[in-house]
Amino acid sequence: MRKRFLTVTVFILVFSALFFSSCQIEGTSHGQRAKKLTTIMLDGFANDDMDQAYTAVEEEYISYKELVSISNYLDSILGESNYYRMEQVGFNKANVRYKWGNKHVFSIIYEISVGGSHVVTMEVAMLQGDTNGGICGIDVVDTSYIDSTVKDLAPLNTVLIVYTVLTYLFTLWMFISCWRRRIAHKRWWALLTLVGAFVRISLLESGWRFFAMLTFVLNVSRVAGDIVSTAVNVTVGIPVGAIIYFFMRKKIKDIPDDPTPKDYDPRAAKDGFSDNGWL
């Protein structure tokens, strides 16, 4: 029963984490329209057809001159290529008070790459609920900094990968050690060994940010680019629960076996007998 409880608990937590993280990437029902309009715009840029590109945006919010400026900026980064690759990497939803007034806006973040290089992110915003409207906001960010920084930190990434393997083995060792013992509240001690945490330093062109959080099951330690935030994240996972159990394990007393009665006859366990004699 305890094994089933532990297995079901782990499965639910892992499945929930995967499910909710995937929901953020899928976006809403507006996603397909945003992708269609963004493709029309980018195709217009690639073919030097600004009139086509302008059909994808709302004239009220984006002027023709602004769109030409965005096209020139993309050309300066990506080069004048007719081939590009676009992939959705993020989704945002907010109540914005700016050009759109006080309205609900959703935005899709795309990764735009040419020749296999991930160098640009483009965030396109649209008014929520306006099923016939065009793009009302565009933000383009050069992410070449990410690729170069990740490459420079490759030796550190190798060290963190080895560290991750060792911490996972340590966590597994503590979990098995706990589960094989006869101790009070064993289920909760076993769950504790699976509690982890991570510290993350996000390297930005303008500085850095620090973030820490408790998690269930140890987080992977690595160097990874975050093109949505235009940052390089250095993440170090810490097996907090396993470390706590490691230092507490000698203080946690095992449950003693049931004491053997003084008049216990070992033959009874094998042959059995009653008060009236042998059965």
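Scope of this entry: the structure provided in the associated data block. Since the model is a prediction, treat every value here as computed from it, not as a measurement.

Spatially, β6-β5-β8-β7 is the arrangement adopted by the four strands of the open sheet, whose pairing is antiparallel. A strand with exactly one partner marks an edge of an open sheet, and here the two such strands are β6 (207-216) and β7 (222-226). Neighbour to neighbour, the strand axes of the sheet diverge by 25° on average, direction disregarded. Inspection of the sheet shows β7 paired to strand β8 (residues 231-238) by five bridges, in the antiparallel sense. Among the inter-strand pairings, R222 is bridged to a residue of β8, identified as T235. Each of β5 (195-204) and β8 touches helix α8 (residues 240-248); the most contacted strand, β5, lies at about 135° to it.

What follows concerns the nonpolar core. By size, the foremost hydrophobic cluster in this structure holds 36 residues, and its most contacted members are M41, F45, L67, L74, M122 and I138. Mapped onto this core, the elements with two or more residues apiece are α2 (31-46), α3 (50-54), α4 (64-78), β1 (85-98), β2 (101-114), β3 (117-127) and β4 (137-142). If one sorts the elements of this core by residue count, β3 sits on top with seven residues. Each residue touching M122, except ones within four places of it in the same chain, is listed here: T38, M41, L42, L74, I108, I109, Y110, I112, I138, D139 and V140. In terms of nonpolar packing, the next biggest core, distinct from the first, is built from eleven residues, F170, M174, F175 and A242 among them.

The subject of this paragraph is the packing of aromatic side chains. Counted under the stated rule, the structure contains eight aromatic pairs. For the pair F198 and F211, a centre-to-centre distance of 6.0 Å together with 50° between the ring planes defines the contact as tilted. Taken together, the residues F198 in strand β5 and F211 in strand β6 connect sequence positions 13 residues apart. Relative accessible area serves as the criterion here: at 6%, F198 is assigned to the buried category.

The next point concerns the pattern of salt bridges. Summed over all chains, the structure comprises three salt bridges. A salt bridge links D254 to R181, with the nearest nitrogen and oxygen atoms 2.9 Å apart. Separated by 73 residues along the polypeptide, D254 in the loop between α8 and α9 (267-270) and R181 in the loop between α6 (154-179) and α7 (186-193) bring together distant segments of the chain. In this structure, a network of salt bridges that share partners links the residues R85, E87 and E111.

Scoring rules and cut-offs
- The residue count restarts for each chain, going from 1 along the sequence in the order it is written.
- Reporting in this predicted model follows two pLDDT cut-offs: at least 70 for local features of residues, and 80 or more for side-chain atom pairs to be given and counted; totals over whole chains, interfaces and linings ignore these cut-offs and use all residues.
- Only hydrogens and water are set aside when side-chain values are computed; all heavy atoms of the structure are taken into account.
- Only when DSSP finds a minimum of two bridges between them are two strands counted as paired.
- Counting from the N terminus, the helices are the DSSP runs of H or I reaching at least four residues and the strands are the DSSP runs of E reaching at least two.
- Interaxial angles span 0 to 180 degrees and are taken between N-to-C directions of axes, which are lines fitted to C-alpha atoms, for helices over the stretch in contact.
- The contact criterion used throughout is that any non-hydrogen atoms of two residues lie within 4.5 Å.
- Throughout, nonpolar core names a set of buried Ala, Val, Leu, Ile, Met, Phe, Trp, Tyr and Cys residues whose side chains join them through atoms within 4.5 Å.
- Categorising residues by exposure relies on relative accessible area from a 1.4 Å probe, with only protein chains included: less than 20% of the type maximum marks a residue as buried, more than 50% marks it as exposed, and the intermediate range marks it as partly exposed.
- For this analysis, a ring pair means two rings from Phe, Tyr or Trp (six-membered ring only for Trp) whose centres lie within 6.5 Å, classed as stacked if their planes differ by under 30 degrees, edge-to-face if by over 60, and tilted for the remaining angles.
- The salt bridge criterion pairs a side-chain nitrogen of Lys or Arg with a carboxyl oxygen of Asp or Glu, the two atoms within 4 Å.

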